[in-house]
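# Architecture and fold: a report
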Amino acid sequence: MATAVTHYTSYKARPFTREQRDKTTILFGGLTWKHERLVQGVFNNLNYNAKPLPNIARADLDAGKELIDTGACCPTIFTTGSLVNFLKNEVAVNGKQKTLDDYVFLTAGACGPCRFGQYHESYEMALDGMGLKDFRLFLLAQDQLDQAPEKPGGLEINMHLSLGIVWAILVGDILTDMEYLTRPYEVTPGETDRVMKESADYLFEVFQQRPLRSNKYGMLAWHFLSGYFADALRVVRKKFDAIEVDRLQVKPKVKITGEFWLQTHEGDGNYNIKRWLEQEGSEVMPPPVAVWLGYLLHTPLWRLAAKPNVDRKIRMKMAMIRGMEKLYNGTYNRFRKAMGNVPHELPDQEELKQLASPFFHHELRGGEGHMLIGKALHAHLHKHANMTCELSPYSCMPNTMSQGAMANVLGRHPDLLYAPIEIKGDAEVHALSRCQMILTEAKKRSQSEFVEAMAKTGLTLEKIRQIEEKNPKVKKATYRIPHYGYASTAANYALHLASMRAN
Amino acid sequence: MWSTHQFWVAFLREIGISSENIVFSSDTSEEQGREFGKGRGTVDCCYPVKAMSGHYGELIFGQKNKLHIIMSPMIYSLPSFMRGHTSENLACTRVMAGPENIRAGFMKESDVFGDNGIKYAAPFVNMAEPEMVPKQMYDCLKDVFDIDMAETQRAVDAGYNALRVFNEKAQAETRKVLTWCARNSKPCVLVLGRPYHMDPGIGHEIEADLQAYGYPIVWLQYLPVDKDLLDWIFGEEVQAKKIRSPLDISDVWTSSNSSNTNEIMWGAKFGARFPWITCVLRLSSYECGMDQPTYTPTQKIVEAAGTLFFKFGDLDSTKPAGSIRIRIETIVHYLAKYSEKIMNQKLALLPPDCPLLLDKQEQSEKSLASVAGSD
């Protein structure tokens, strides 16, 4: 009876078989080019052909808008458009069937109530609109390291792959942090970008050559215990050693927060705002993806603690999570240490929760939840940044809520410089000029900090320069400047040089 | 609140708050927003959340007798009839976090609640997991209402019981409407919207305008989920293993995390198959990020078997009365012209023995036969 009508069914990817693996390329994206390069190494390591999608461009916004329902947030539109433009080009060059056969797309899925967990619906709609409904798209759940099916397929989301991706993200974060700490102060323009390219290529090889263990628990233990990646980062450190920096340039420190994709992205998707901020004379604190992973790891503790009966079983689970967390943070700190402890520490998730708690409940899920408030306060109160720039997609559901709650935060911390930037993708001047207004104030703050720090040293700038010349190691990008209670690098640096003179 | 109000009322009554001391803010309206919410908004977002400023303001400034407590729960998950058939039953991220956002507008300069002698309470509740709720309510409300854990547990039980009774009654009423349509070969209209669209200031009573033309209206939230009816509609698909159960939506929606979205998708499936629903009215508010990815799938689901589909999107504070009237006239025209054809078409797709067409005697016999058969 019901066969007379074909009721609507959603997209189901046709199989990607083990036999097709050698001839098929896995497409992915959504991170920075550095992270993506390392993730590519992980795929290759497991004998997959993989390729990141080209970096997001303005044209992707138009392509995405054409094919998905109206009212989508800009990360959805950009990422859909990026896939669309890539496939359009492939179809034009190689034909439809070859494109369908040669590629599959892997994307992150599951994010509770936020639209991020439903991006794939937009991708599927776009594929349908392009007449490519047979194109294969797979979801990688962020909260499951082992999604291996019973029967091996073309793509096996198992512990080997997931651990590789997580470690690539951690190493990518360390590398990115080094980049943003160095470039604003480089003496030779372009030096940092050159070293970054070299380092990413080197680390790509490192991930590609990652030793494999057949047992998944053996693989897990190896990742936590081996010095393989820390050794590789020591090689990268040597490359950064060669970059000379001048940290007496007074620049405001701008912490970037926001919706996951927008804050991570480097390109047209967020008006290239990180580069723009550097061009405007600031130092940017990029958001490590590792904080998000730390949040995913930590939040089950709160959910377990909220259970009506916290019995022995639950306590055991909580102890296990805490143990994993220690290993995770320990691994990140090992990588930091390999880079001379120059990259920033990860914030403590409990502290972020406590800072945000008067303003935003920590169990409100979706997007970055309470973390946006926690991070802004963390940077402000610890004097890690002169201002926070929060990147929110137009119509982002979770971000608008915490952004609204920031009104309460600013009421109690009126000296917190906060620039919430709504990003639509096609209103660059408006967004950047809004950021500019707060940045002007941040510049004044960093100048005042420097004047105050110099006054504390009781030295002239010439004298400070002389100390610097006598200690050439301080001019290396890998030299760690201790924190003397100022947000801007120049103020801390001046005080540090003064302390060297005293010694 | 629109889908859980009975819970809250019963909870408060059980802890000793008398009915006359429980005050709901009035229906949303532009006037309410202007008079009580002006200057309190902290961010541009969907209207159902923006409108909350007016509600808070009305409760603080618009009461003849001053209130002592304002309770605005942060509902993390919802007690959906689809629980167990979907991945999760989460509330929309804006609905759950809305109270924090709106509260900020009343705290940014000074504590308006405190200044007016009002205690503000926003319990965070996983309503889809009843076992979690007593502790959550107790932790938040123990000092506000001076209650102990045992009282809280009793009040939560009373709340869930009241909600269940109300929902069952509403579902039974909807079944009566559907039965009447089936027995009289009359078409009816299904509203696919979120619970807050029942608020006349948010849904703008569009369905009432249509009802005025004589078409019965049913809301997806209160569609009957009786076994006999669902087996008739979805039984063949379950047998063919296209779906695991009549309430399974995995055939049309992969990420079944959001409770209201899940219900909308299922409602669309119901509307697509139930013969006497000849038209589906989709309501969606301005900037609703939960609805946005569902626009095309719901339309495709509904239209697959020929059911009429009309969407009123981007609903905001102002009721566009003129355009609504014109569209209602259009809908009425199509309903009158095509309903009979649609009903026959859809009836032909289903087994002959519709439970709504059987009288009580026949239903009882059928039920006995099915029990005997299963033995």
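Scroll up for the structure.
So, here's what we can say about the structure.

The rules behind the values
- Counting from 1, residues in each chain are numbered in the order their sequence is written.
- Here chains are named by letter from A upward and ligands by number from 1 upward, in the order in which they appear as written.
- Residues qualify for local features only when their pLDDT is at least 70, as the model is predicted, and side-chain atom pairs are given and counted only at 80 or more; totals for whole chains, interfaces and linings, by contrast, use all residues.
- Each side-chain value is worked out from all heavy atoms of the structure, with water and hydrogens disregarded.
- Think of it in three bands: with a 1.4 Å probe and only protein chains considered, a residue is buried below 20% of the maximum accessible area for its type, exposed above 50%, and partly exposed in between.
- Segments assigned H or I by DSSP are reported as helices when at least four residues long, segments assigned E as strands when at least two residues long, and all are numbered from the N terminus.
- Only strands that DSSP links by at least two bridges are regarded as paired with each other.
- Crossovers are described as right-handed under a simple rule: with the strands pointing away from the observer, the path leading from the first strand over the helix to the second runs clockwise.
- Note on definitions: salt bridges are taken to be side-chain nitrogens of Lys or Arg within 4 Å of carboxyl oxygens of Asp or Glu.
- Only C-alpha atoms enter the line fits that serve as axes; for helices the fit covers just the stretch in contact. Angles between N-to-C directions range over 0 to 180 degrees.
- Note on definitions: a residue-residue contact is assigned when non-hydrogen atoms from the two residues lie within 4.5 Å.

The next point concerns the pairing of strand β8 (residues 418–423) of chain A. Residue and element names in this part refer to chain A. Burial of β8 is extensive: five of the six residues sit out of reach of the surface. As paired elements, strand β7 (residues 387–393) and β8 share six bridges and run parallel to each other. What sits directly across from C389, in β8, is A419. In this region the chain leaves β7, passes through helix α16 (residues 397–412) and returns to the parallel neighbour β8; the handedness of that crossover is right-handed.

With that settled, consider the pattern of salt bridges. A side chain of one charge can pair with a side chain of the opposite charge when the charged atoms of the two come close. What the rule picks out here adds up to 42 salt bridges over all chains. In this structure, E350 of chain A engages K353 of chain A in a salt bridge whose closest nitrogen and oxygen atoms are separated by 3.8 Å. Here K353 of chain A and E350 of chain A lie together in helix α14 (residues 349–356), a separation of three residues that amounts to about one turn. On the accessibility criterion, E350 of chain A (25% relative accessible area) is partly exposed. R94 of chain B is the partner of E287 of chain B in a salt bridge, and the nearest nitrogen-oxygen pair spans 2.9 Å. With E287 of chain B in the loop between β7 (277–285) and α13 (295–303) and R94 of chain B in helix α5 (residues 93–105), the pair connects residues that are 193 residues apart, well separated along the chain. Judged by relative accessible area, R94 of chain B falls into the buried class, the value being 1%. Taken together, the shared-partner salt bridges connect K34, E179, R183, D193, E266, R275 and E278 of chain A into one network.

Let's shift gears to the sheet that holds β7 of chain A. Residue and element names in this part refer to chain A. A sheet is described by the order of its strands in space; here four strands give the open sequence β6-β5-β7-β8, paired in parallel fashion. In this open sheet, the two edge strands, each paired with only one partner strand, are β6 (283–285) and β8. Here the strands of the sheet are splayed against their neighbours by 25° on average, with no regard to which way each runs. Packed on one face of the sheet, helix α17 (residues 428–457) meets β5 (253–258), β7 and β8 and runs near 170° to β8.

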